[in-house]
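Inside the fold
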Amino acid sequence: MGAPLLEAANLQLRFGAVRALDGVDVEIFPGEVVAIVGESGSGKSTLLRVLAGAMEPDAGRVLYRDAAGEAHDVQALSEAGRRRLMRSDWGFVHQNARDGLRMGISAGGNIGERLMAAGDRNYAHIRAEAADWMGRVEMNPERIDEPPKNFSGGMQQRLQIARCLVTNPRLVFMDEPTGGLDVSVQARLLDLIRGLVAQLGLAVFFVTHDIGAARLLAHRIVVMRHGRIVEEGLADRVLDDPRHAYTQLLVSSVLAA
Ligand SMILES: Nc1ncnc2c1ncn2[C@@H]1O[C@H](COP(=O)(O)OP(=O)(O)OP(=O)(O)O)[C@@H](O)[C@H]1O
Ligand SMILES: [Mg+2]
């Protein structure tokens, strides 16, 4: 399988008395989808932010290997270095589309801006790529000049995903990308994400408290509770044969719902 794309060892982070991360080890391989599941407050978003270098842990370390095989200590990166990785190698999809979009510019501008940040200066090419990506996320490309606020919540998420994927990242961080949407909209968005991830061979850390979404998307599942990983394994194994009492509870509460 080769070396992990990203690996984190012994992450610790406290907020006052709260241990948001308490000795977390996690890794992801190229092309792998890892779901991070757990109840509210278990530390999922904190873990994602630390993995992406957006938040500094009290202890522990995160290593990222770029396409040339060079390892980067994520916490030791300068702000410019981190931004460069965010532009070239990584993508981040927020739960709230407003956090991942620029609401003041058009849909096409939102996608094109990422290409420009990555160095593309050919306006016609940028616009064509933006239109193409709107189609790929099943948005009407004729609406390329409309601002994000004209679109529904599910469509804004699609736009955010297009903005993230247009630069062809190798590793994508997604924090509950379908949270807060209607169930039918969620299902279609998950299908779309699954298709794109498989097509592009992306590695994805996918935070969710929806076990069904984890089953649909993930190769591997990491179960968090109180800032610790209480169980991890291949998705089918974790869901069909959960070993930790807390995972059993999570899985059975879904079955009962
Ligand atoms: N910036 C912060 N300042 C203080 N406490 C924080 C901060 N961010 C997170 N916490 C606390 O750390 C713990 C983990 O929070 P986190 O947001 O990572 O949980 P989560 O698993 O993503 O929850 P949710 O499913 O509700 O999004 C919680 O107790 C939370 O209140
Ligand atoms: Mg969260």
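Residues numbered from 1 in each chain as written. Chains lettered and ligands numbered in written order. Predicted model: local features only at pLDDT ≥ 70, side-chain atom pairs only at ≥ 80, totals over all residues.

Naming follows an unreviewed UniProt entry, where the protein chain appears as Phosphonate C-P lyase system protein PhnK of Roseococcus pinisoli.

**Re the domain arrangement of the protein chain**
Quick note on the threshold: Where each domain begins and ends is defined by an automated method or by a domain database. A pair of residues counts as a contact when their C-beta atoms, built from backbone coordinates, are within 7 Å of each other. Numbered from the N terminus, helices here are DSSP runs of H or I no shorter than four residues, and strands are runs of E no shorter than two.
Segmentation of the protein chain into domains returns domain 1 (6-89 + 171-256) and domain 2 (103-168). Using only C-alpha atoms to locate each centre, domain 1 and domain 2 end up separated by 25 Å. Across the contact, twelve residues belong to domain 1 and twelve residues belong to domain 2. For the side of domain 1 that touches domain 2, the secondary-structure elements that each account for two or more residues are helix H2 (79-88) and helix H7 (183-200). The element that contributes the greatest number of residues to the side of domain 1 that touches domain 2 is H7, accounting for six residues.

**What about the UniProt feature "domain: ABC transporter" (unreviewed entry) in the protein chain?**
Note the following rule: UniProt positions are given in the numbering used here, feature names are shortened, and annotations may be inferred rather than shown by experiment.
Under the UniProt annotation, the feature "domain: ABC transporter" (unreviewed entry) is placed at residues 6-251. Between the end C-alpha atoms of residues 6-251 the distance is 28 Å, and the span holds 40% helix and 26% strand.

**Examining the site of ligand 1**
Using the following cut-off: Contact assignment follows one rule, namely that a residue is near a molecule or strand if its backbone-placed C-beta atom lies within 6 Å of it. Gly falls in the polar group here, along with every residue not listed as nonpolar (Ala, Val, Leu, Ile, Met, Phe, Trp, Tyr, Cys, Pro) or charged (Asp, Glu, Lys, Arg).
The local shell around ligand 1 consists of Phe15, Val18, Ala20, Gly38, Ser40, Gly41, Ser42, Gly43, Lys44, Ser45, Thr46 and His209. The set of elements that each furnish at least two residues to the shell around ligand 1 consists of strand S2 (18-28) and helix H1 (44-51). Broken down by element, the shell around ligand 1 gets its largest block of residues, three residues, from H1. Taken together, the residues that form the shell around ligand 1 break down as three nonpolar, eight polar and one charged.

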